[in-house]
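In case you want the letters, here they are:
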Amino acid sequence: MNDLVVVPPTGEQPPARAVRRRRARRKDQHAPQATGGSSGSRVIALPPPDEPMAPRTWRPGTFGVLDIGSTKIMCLIGRGESDGTLRVLGHGWRRSHGVRSGGIVDLRQAEAAIRAAVGQAEDAAERRLDKVYVNLSSGHPESRLFNVRWPVGGREITESDVRRVVTEGRMRAMSEGRSTIHTLPLDFSVDETAGVADPRGHLCDQLTSRLHVIDASTTALRNLETVLSRAELKIEELVSAPLASGLSVLDAAERDLGVTVVDMGGGTTSIAIFGEGQLLHTACLPVGGQHVTRDIAHVLSTSIDSAEWLKTMYGSAELSADDDLDLLPVQLIGDDDHQFVNISRSKVVSIIRPRIEETLEMVRDRLESAGVGRATDGRVVLTGGASLLDGVGNMAARILNRQVRLGRPTGIRGLPEDPAAWPSFATSAGLLAWAAGAGGALGDIDFAEPRAPGMLRRIVEFIRDRV
């Protein structure tokens, strides 16, 4: 059998034992040389080790983000640090009012809740906000893929060509009553060469791009803009809620291999499928933790507040052997304030379980119909407040038939000290990451053409675009 000699890369010091052996061979003139030839040895050069990645460089400044959900409204004020982390300078939250399934249903109540949450964050950070990055979960957002071709004519591809192909995809995606939120280039093809991340500088006859477009109801977006305007805030940018959650709970390796983020919120459950480092698909299901609370209140004839307390303190998605023995005090609607009835914990679990099963089965169906290939076969990461229920992870692994883990925001400092609450901050932490510049890694670019300064230039641009 031939000897296998491993040669360290240039500049890397071999281990001490290897050094001693090599020196011994030099003293022994009859020892075989490790350079191949008559000795029959094979020399394999190892690649140099990867250099450590430099910390992420964030956009300068302080940013405000607003997560408008069906059960809570969260505001974070923060900035990017030189060590690559994000720091929260102040946060505020209020129970959500005037919001249902992510949409604004009462302008006055929603305005009051937003003002209170933002005011709390401003006081903690000692800063005032006039514009915010806001999550998009209202308006029935939809996710679609488009292939767009643009003739280049054998010359070098410029940034203007990239903007035009993205603009063409946006135009093709336009439909009445819908507004485009994101136009995300997944990859480019330069003639027959596919998988080009950045086509600028390449020579080709035809540039092709695969685009992911996310849009939503125009009316719902106008109502969102109206309520924020009444709260004296402007929308700096709308960001897809599942995209934001993915930015905060995933690392680059997961996004490259293929992973699905399931954000189990109060009024909705959102899905984001990542693969090849990009966001490939999103979906929003009209069911969440709030529906579990209402199920408990309806079956047990108790108040919403009592049902929420039962779910939070004793709720689970899986039955255990002792659940029949645990008796929980429940105050029925209309009874005296001091009168309670005892309900077994197994009764509460039997109410919760069907709703969680239904939600996860809906997630499974969406994954099967997403049409994005093997990316949906990867791990599932659960996040959001409803994911904190005991037994949800085990049930998800069984129904989805995939590996499942609980996702918490990473690389962020200044969140509340209790890590158990961090999944509830997934969307707001992702919004802060997007505001600080993390969204650029996913390829969401400014597709708007710059306005020409004069009439003659506009005529030239008009003719050039159509030749």
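Overview of the structure. (Residues numbered from 1 in each chain as written. Predicted model: local features only at pLDDT ≥ 70, side-chain atom pairs only at ≥ 80, totals over all residues. Heavy atoms only, no water.)

1. Points about unusual backbone geometry
Phase 1: At H140, a position not held by glycine, the phi torsion is positive, near 50°.
Phase 2: Residue placement: H140 occurs in the loop between β8 (131-136) and β9 (142-151).
Phase 3: With phi around 65°, E232 is a residue other than glycine that occupies positive phi space. (Helix = DSSP H or I, 4+ residues; strand = E, 2+ residues; numbered from the N terminus.)

2. Observations concerning the sheet that holds strand β21 (residues 412-413)
Phase 1: Read from one edge of the open sheet, six strands run β13-β8-β3-β4-β5-β21, paired in mixed fashion. Strand pairing shows two members of the sheet lacking a second neighbour, β13 (234-240) and β21, which therefore form its edges.
Phase 2: Running over the sheet, helix α4 (residues 218-230) touches β3 (63-68), β8 and β13 and is turned about 140° from β13.
Phase 3: Lying over the sheet, helix α5 (residues 241-249) contacts β8 and β13, oriented at roughly 75° with respect to β13. (Pairing = 2+ DSSP bridges. Contact = heavy atoms within 4.5 Å. Axes fitted to C-alpha atoms, helices over the stretch in contact; angles between N-to-C directions.)

3. Regarding empty space enclosed by the protein
Phase 1: Scanning the entire structure with this criterion turns up three cavities of 30 Å³ or more.
Phase 2: In this structure, the largest cavity spans a volume of roughly 70 Å³.
Phase 3: Lining of the largest cavity is provided by L136, S137, P141, S240, A241, P242, S270, T282, A283 and C284.
Phase 4: The dominant element in the lining of the largest cavity, judged by the number of residues it contributes, is strand β16 (residues 278-285), at three residues.
Phase 5: Its residues assigned to classes, the lining of the largest cavity shows six nonpolar, four polar and no charged.
Phase 6: The volume enclosed by the second largest cavity comes to roughly 40 Å³.
Phase 7: In this structure, the second largest cavity is lined by I68, G102, I104, V134, N135, S137, S138 and L224.
Phase 8: A breakdown of the residues in the lining of the second largest cavity according to their chemical character gives four nonpolar, four polar and no charged. (1 Å grid on protein atoms, 1.4 Å probe; cavity = no way out; pocket = protein on both sides within 12 Å on 5 of 7 lines; lining within 4 Å. Points joined across faces, edges and corners; volume = space filled by probe spheres on them. Nonpolar A, V, L, I, M, F, W, Y, C, P; charged D, E, K, R; others polar.)

4. With respect to the packing of helix α2 (residues 107-125) against α4
Phase 1: Where α2 meets α4, the axes come as close as 9 Å, and the angle between the chain directions of the two elements is 55°. Here α2 lies oblique to α4, going by the angle between them. Seen along the crossing, α2 lies across α4 with a hand that is right-handed. Residue-level contacts link L107, R108, A110, E111, I114 and R115 of α2 to N223, T226, V227, L228 and R230 of α4. (Parallel < 35°, antiparallel > 145°, perpendicular 65-115°, else oblique. Left-handed = near helix turned anticlockwise from the far one by under 90°.)

5. Remarks on the sheet that holds strand β20 (residues 404-406)
Phase 1: Taken together, the five strands give an open sheet; going across it, the order is β16-β15-β14-β19-β20, and neighbouring strands pair in mixed fashion. Among the strands making up the open sheet, the edge pair consists of β16 and β20. On average, each strand axis in the sheet is inclined to that of its neighbour by 20°, with strand direction left out of account.
Phase 2: Note: strand β14 (residues 259-264) against strand β15 (residues 269-275), six bridges, orientation antiparallel. The residue bridging T260 from the neighbouring strand is I273, located in β15.

6. Remarks on the side chain of D323
Phase 1: With respect to the secondary-structure elements, D323 resides in the loop between α8 (304-314) and β17 (327-330).
Phase 2: Within the structure, D323 has its side chain in polar contact with the side chain of S320 (distance 2.7 Å).
Phase 3: Each residue touching D323, except ones within four places of it in the same chain, is listed here: E318, S344, R345, S346 and V349. (Polar contact = N/O pair within 3.5 Å; in protein donor to acceptor, adjacent residues only side chain to side chain.)

7. So, the packing of aromatic side chains
Phase 1: Per the stated rule, a full pass over the model turns up two aromatic pairs.
Phase 2: Where F63 meets Y133, the ring centres are 6.4 Å apart and the plane angle is 80°; that geometry is what we call edge-to-face. Of this pair, F63 sits in strand β3 while Y133 sits in strand β8, placing them 70 residues apart in sequence. Comparing F63 with Y133 shows no difference in burial state: the two are buried.
Phase 3: An angle of 80° between the planes, with centres 5.5 Å apart, marks the rings of W309 and Y314 as edge-to-face. (Phe/Tyr/Trp six-rings, centres within 6.5 Å; stacked < 30°, edge-to-face > 60°. Buried < 20%, exposed > 50% of the residue type's maximum accessible area, 1.4 Å probe, protein only.)

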